[in-house]
Amino acid sequence: MLAETGHFLLILAIVVALGSGCLMLAAHWQPGRAPYLERQSRALALLGACSWLGAMAVLALCFITDDFSVAYVANHSNTALPLLFKVAALWGSHEGSLLFWAALLALFAVLFFNTEPTLGLSQWLLVGFGLVILLSANPFMRLLPGVPPEGRDLNPVLQDIGLILHPPMLFIGYVFLCLMFVQVMANLWQGNTDKAHQAGERRLRTLTLFGWLFLTGGNVLGSWWAYNELGWGGWWFWDPVENAAFIPWLLTTALLHCFVAPTVNGKPQPLLQSAATLLTITAFGCCLLGSFLVRSGIVQSVHAFASSPERGISLLLLLAGCLVPALYLFAVRHLKGDGQGAPTPAPPLLLLLGMAVIASAALTVLLGTLYPLLHELLGLGKISVGAPYFNSVFVPLVWLAALAMGWRWFASHQQRLQAAIGALLLPLGWLYFNQPDSMLYALMGLSAACWLLFAEVTQWFSSNSRRRWARLAHLGAAISILGATFVSQYETEAVLRMGPDTGKTISSLGSDYSFVYRETARVETRAFHAIEGRIELLGDDGMRLHWLYPQRQSFKSNGMEMSQAGIVHGVWQDFYVSMGQKLDDNTYLIRLSVKPLVSWLWLGGGLMMLAAIASLLQPLLRARLSPTGQRPQKLDDNAKPANPATAAEVL
Amino acid sequence: MKLLFLPLSLVIALVFFSSQGTFAAQDLAGPEKLTLAMDIARELRCPMATNQSLFESENAIASELKAQIYLMVNEGKNREQILDFMTQRYGEQIRYQPKLGINTALLWGAPLLLFLGLALLSLKLTGWRPARMR
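The model shown is predicted, which means the values in this text are computed figures rather than measured ones.

Enquirer: Which residues make up the overall build of chain A, and what values do they have?
Expert: When helices and strands are counted, chain A shows 18 helices and 10 strands. Relative to its length of 651 residues, chain A is compact, with a C-alpha radius of gyration of 27 Å against a globular reference of 26 Å. By principal-axis analysis of the C-alpha atoms, chain A measures approximately 85 × 80 × 60 Å. Burial status across chain A gives 59% buried among its 651 residues. Counting contacts in chain A only where the partners sit at least 6 residues apart, residues at least 24 apart contribute 71% of the total. Accessible surface, chain A as shown: approximately 26,800 Å² in total, 66% of it carbon and sulfur. With 39 positive and 36 negative side-chain charges, chain A shows a separation of 12 Å between the mean positions of the two kinds.

Enquirer: I'd like to hear about the pattern of salt bridges, residue by residue, with values.
Expert: For the structure shown, the criterion picks out 21 salt bridges over all chains. Glu519 of chain A is the partner of Arg534 of chain A in a salt bridge, and the nearest nitrogen-oxygen pair spans 3.6 Å. Here Arg534 of chain A, found in strand S4 (residues 528-538), pairs with Glu519 of chain A, found in strand S3 (residues 511-524); they are 15 residues apart in sequence, far enough to count as distant. The partly exposed category is assigned to Glu519 of chain A, whose relative accessible area is 39%. When the shortest N-O distance is used, the salt bridge between Glu58 of chain B and Arg552 of chain A registers 2.8 Å. Of this pair, Glu58 of chain B sits in the loop between helix H2 (31-43) and helix H3 (60-74) while Arg552 of chain A sits in strand S6 (residues 551-555), each in a different chain. Judged by relative accessible area, which is 10%, Arg552 of chain A ranks as buried. Overlapping salt bridges, with partners in common, bring together Asp501, Arg518, Glu536 and Arg544 of chain A in one network.

Enquirer: Please set out the environment of Asp67 of chain A residue by residue, giving values where relevant.
Expert: Residues and elements named next belong to chain A. Its place among the elements puts Asp67 in the loop between helix H2 (34-64) and helix H3 (71-76). Using a relative accessible area of 18% as the deciding quantity, one classes Asp67 as buried. When the C-alpha atoms of Asp67 and Pro148 are compared, they prove to be 9.6 Å apart, with 81 residues separating the residues in sequence.

Enquirer: Quick rundown of the sheet that holds strand S1 (residues 492-498) of chain A? Include the residues and the values.
Expert: Residue and element names in this part refer to chain A. Spatially, the 4 strands line up as an open sheet ordered S1-S10-S9-S8, and their pairing is antiparallel. With one partner strand each, in any of the chains shown, S1 and strand S8 (566-568) form the two edges of the open sheet. Geometrically, the sheet is characterised by an average inter-axis angle of 15 degrees between neighbouring strands, direction not taken into account. When S8 meets strand S9 (residues 573-584), the two strands line up antiparallel, connected through 3 bridges. Across the sheet, the residue bridging to Ile567 is Tyr576, located in S9.

Enquirer: Pulling in residues and values, what's your account of the UniProt feature "transmembrane region" (unreviewed entry) in chain B?
Expert: Here, the residues flagged by UniProt with the feature "transmembrane region" (unreviewed entry) are residues 105-125 of chain B. Secondary structure over residues 105-125 of chain B splits into 100% helix and 0% strand, and the C-alpha atoms at its two ends are 29 Å apart.

Enquirer: Kindly report on the interface of chain A and chain B, identifying the contributing residues and their values.
Expert: Chain A puts 51 residues into the contact, and the matching count from chain B is 44 residues. Taken over both partners, the interface formed by chain A and chain B buries close to 4,200 Å², and the fraction arising from carbon and sulfur atoms is 64%. Along the contact surface separating chain A from chain B lie 2 salt bridges. Ionic pairing is found between Arg42 of chain B and Glu493 of chain A, a salt bridge with its closest N-O pair at 2.7 Å. The tally of links from chain A across to chain B stands at 11 residue pairs in polar contact (both at pLDDT 80 or more). No other element matches the 13 residues that helix H12 (residues 349-377) of chain A contributes to the side of chain A that touches chain B. Classifying every residue of the side of chain A that touches chain B gives 30 nonpolar, 12 polar and 9 charged.

Enquirer: For the packing of aromatic side chains, give the residues involved together with the corresponding values.
Expert: One pair of aromatic rings is described through two measures. These are the centre distance and the angle between the planes. Residues and elements named next belong to chain A. Considering all chains together, one arrives at 39 aromatic pairs over all chains under this definition. Here the aromatic rings of Phe108 and Phe112 are separated by 6.3 Å at their centres, their planes lie at 55 degrees, and the arrangement is tilted. A residue pair is termed a helical-turn pair when its members lie 3 or 4 positions apart in one helix, as Phe108 and Phe112 do in helix H5 (residues 94-112) at 4 residues. In this structure Phe112 comes out as buried when scored by relative accessible area, which is 10%. Taken together, a centroid distance of 5.5 Å and an interplanar angle of 85 degrees make the contact between Phe112 and Phe176 edge-to-face.

Enquirer: Can you explain the packing of helix H13 (residues 387-407) of chain A against helix H5 (residues 105-125) of chain B? Please cite residues and give values.
Expert: Here H13 of chain A crosses H5 of chain B at 15 degrees, and the two axes come no closer than 10 Å. Judged by the inter-axis angle, H13 of chain A sits roughly parallel to H5 of chain B. With respect to the hand of their crossing, H13 of chain A and H5 of chain B are arranged in right-handed fashion. Note on element contacts: H5 of chain B touches H13 of chain A through Leu107, Trp108, Pro111 and Phe115 of chain B, opposite Tyr389, Ser392, Val393, Leu397 and Leu400 of chain A. Its residues assigned to classes, the contact of H13 of chain A with H5 of chain B comprises 8 nonpolar, 1 polar and no charged.

Enquirer: Before we move on, can you summarise H3 of chain B with the specific residues and values?
Expert: Residues and elements named next belong to chain B. For H3, which comprises 15 residues, the first-to-last C-alpha distance of 21 Å matches the rise-based estimate of 21 Å (1.5 Å per residue) to within 8%. In terms of burial, H3 is largely enclosed, as 11 of its 15 residues are buried. The complete set of buried residues in H3 reads Ala60, Ile61, Ala62, Ser63, Leu65, Lys66, Ala67, Ile69, Tyr70, Met72 and Val73. Downstream of H3 by a residue or two, Gly76 has a phi angle that is positive, lying close to 95 degrees.

Enquirer: Got a sec to walk through the nonpolar core? Specific residues and values, please.
Expert: Residues and elements named next belong to chain A. Among the nonpolar cores identified, the biggest contains 166 residues, and Trp52, Trp101, Phe129 and Leu179 are the most heavily contacted of them. Here the element with the most residues in this core is helix H7 (residues 161-190); it accounts for 18 residues. Apart from the residues within four sequence positions on either side, Phe129 is in contact with Leu98, Trp101, Ala102, Leu105, Cys178, Leu288 and Leu318.

Enquirer: Give a detailed account of unusual backbone geometry, specifying residues and quantitative values.
Expert: Residue and element names in this part refer to chain A. A cis amide bond links Leu144 with the next residue in sequence, Pro145, at an omega value of 0 degrees. The topology assignment puts Pro145 in the loop between helix H6 (118-136) and H7. Positive phi outside glycine occurs at Leu509, with the angle close to 45 degrees. Secondary-structure assignment places Leu509 in the loop between strand S2 (502-508) and S3. The exposure class of Leu509 is partly exposed, given its relative accessible area of 34%.

Enquirer: With reference to specific residues and values, describe a nonpolar patch on the surface.
Expert: Nonpolar side chains collect at one region of the surface, where Leu417, Ile421, Leu424, Leu425 and Leu428 of chain A lie side by side and expose about 480 Å² of accessible area between them. Within the fold, Leu424 of chain A resides in helix H14 (residues 413-433).

Enquirer: How would you explain the state of the cysteines if you had to name every residue and give the values?
Expert: For the coordinates displayed, the defined rule picks out 0 disulfides over all chains. Between Cys287 of chain A, a cysteine without a disulfide, and Cys178 of chain A, which holds the nearest cysteine sulfur, the sulfur-to-sulfur distance is 5.6 Å.

Enquirer: An account of the pairing of S9 of chain A is requested, with residue identities and associated values reported.
Expert: Residue and element names in this part refer to chain A. Burial of S9 is extensive: 10 of the 12 residues sit out of reach of the surface. Hairpin connection, S8 to S9: the antiparallel pair is bridged by 4 residues. Note that S9 and strand S10 (residues 587-596) share 9 bridges and pair antiparallel. The residue of S10 that forms the bridge with Asp574 is Lys595. Two successive antiparallel strands, S9 and S10, enclose a turn made up of 2 residues.

Thresholds applied
Residues numbered from 1 in each chain as written. Chains lettered and ligands numbered in written order. Predicted model: local features only at pLDDT ≥ 70, side-chain atom pairs only at ≥ 80, totals over all residues. Heavy atoms only, no water. Helix = DSSP H or I, 4+ residues; strand = E, 2+ residues; numbered from the N terminus. Rg over C-alpha atoms; globule rule 2.2 N^0.38 Å. Buried < 20%, exposed > 50% of the residue type's maximum accessible area, 1.4 Å probe, protein only. Contact = heavy atoms within 4.5 Å. Areas by Shrake-Rupley, 256 points an atom, 1.4 Å probe, with all protein chains shown as cover. Lys, Arg positive; Asp, Glu negative; His and termini not counted. Charge placed at Lys NZ, Arg CZ, Asp CG, Glu CD. Salt bridge = Lys/Arg side-chain N within 4 Å of Asp/Glu carboxyl O. Pairing = 2+ DSSP bridges. Axes fitted to C-alpha atoms, helices over the stretch in contact; angles between N-to-C directions. UniProt positions renumbered as here; feature names shortened; annotations may be inferred. Buried area = accessible area lost by both parts, 1.4 Å probe. Polar contact = N/O pair within 3.5 Å; in protein donor to acceptor, adjacent residues only side chain to side chain. Nonpolar A, V, L, I, M, F, W, Y, C, P; charged D, E, K, R; others polar. Phe/Tyr/Trp six-rings, centres within 6.5 Å; stacked < 30°, edge-to-face > 60°. Parallel < 35°, antiparallel > 145°, perpendicular 65-115°, else oblique. Left-handed = near helix turned anticlockwise from the far one by under 90°. Expected span 1.5 Å × (residues − 1). Core = buried A, V, L, I, M, F, W, Y, C linked by side-chain atoms within 4.5 Å. Patch = residues over 30% accessible without salt bridge, like charges linked within 9 Å, V, L, I, M, F, W, Y side chains within 5 Å. Disulfide = S-S within 2.5 Å.

What follows is the structure in structure tokens.
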């Protein structure tokens, strides 16, 4: 009965969204009755949001009560799963994650949009999502009459704190991409002249900041999770699933820079406005396309926990249904008619070039992800495009991006020249004494990071330092680049057989670390039994630094074997030990590695997120702190202070 | 299948690590050779696993191929020779970095073309001209 209630709520949500969307259209064509119709539309949207959330709650309840007659629950949970993971299993696979995505979209649409046509357009998007869920990914399907007595387990890889944090973060990012798309569609719909349009542009900026914040979080957490959990010590593999989250992030990063340039008479520059529109549409398209690629199983991925061919086509239809009208409206509004009127000053060239670099990086990653597919479709045979390719094209692009990022902060060409010389000589000096894996990559990474750091340092001594939070985000990028360069150039590792009382010394950047295998232990938990190696880490002087406990886990529910690495995180380096196959009675294949500055990668990501949060909060803080209590700028006329949507608008 | 692979991988690992006595990964002559072998293992795709490199994969075939790489490095083969050998045996798909050819020209050219195209567009849209022509 419970599952049917959920199913009913799902259908109700779709019907209500359809009704709300139609009312919006009616309000558009009958301006006389618009206020009344819009009120009704809003009421329906609220009801719809409640049904979406209700459907999600029902699915969660099915998980909590172990209702294995529901196929989705039976496939992704069992009675022994801890409560927290039962709830998190909700978004652990395709059907549930789409429901989660749509429910959050419904909720956030009501919170952020209080005016037409944004609300109505978001309802149309929800109808699309609802139909995809209902027709091809219904999580409430029953397994009748053969109800299994016990469910299959949640994939062991997913049974980690990462599942609770990473997917919601990423899906919220996707939800904001959807909201951004809706906002852009509304802006296009209303045309260029409306007063409401300016408020729309402002709100797009806010939504973009939110979206960027959560996408950054999603990518950082995803990489952190893969590093800790997948047991191969990689932090980025350029896997299609990773790319599906990374491409929208790159495009949103470029998009964010559309709002940087100063406005002309309170109006954004038309060129940047067009760029913002196109970037939003592309980012949203790439987010759906990425979901399609990943969910349909059309590309092979190591992280694909949910794929089946027929699901893909419905997502592809949704993608087409969104992009065709969007691109049509874009062509009508932006490609025509921009020529007349007074010539407006062009935006800074540097800004455009920087955005061009990021956009080319995003499209290159997209092409690289799709290329094996296209290659095979054209009958040219199978090829693989993987990490070595992406690294070799991405590193130069990052270098160019860093060049553009730092350029603006220097006051004069003389300063730039000094910084450039410094950013070349300093890394060269370092590289002379520390041989990297690849001289070229190392030089590019280090010089990019140095250039950005110099740019930051000059700002400390400059009297008119500007844009604190943008600089913090750039600093975060510099730190991430530094971390990525160090860990990929100076990682030292050894793969060897180890048993009790064997040891190995690894030297990393001038220090020696000895790993001594002390004993093998057995570990029993509720979900798995494991063999655990206890490895002592000794420093230069023979003093014990840490203990490391890599495990080989066998899951009780499905017999899956997993390697859980033993990691000691540090500021200057991580020590990473993973345990491979058993070789004989008491020796195992062990991989030891010292990863210098790897935690800086995520530290940089954290700084970027902090910068986004700070710039979202800044206008609020300024309003609170200003003595008169007045807002610094006049916002749109019908702003109601009590409404959350207007609170968002203040940003 | 899985049942079959476990003993097989054990056998291979044992052959790799014990029967050859003196030969194990750490016995490769010099750290350069070891790094080379690991780099090559990172550039090749495991034929069994879904999108994992040989270096990361724990499949039996991956262990075998890694042993093969170590052997070839020890024999003094260079990177290209080993990659070619693997490509011949397992097809173009095993290389994560596709070879530059007519079929991958677009792939390799794309970053440059995209950047040049977008940069030129930016120059045109901002009406930028070299100082001399202004």
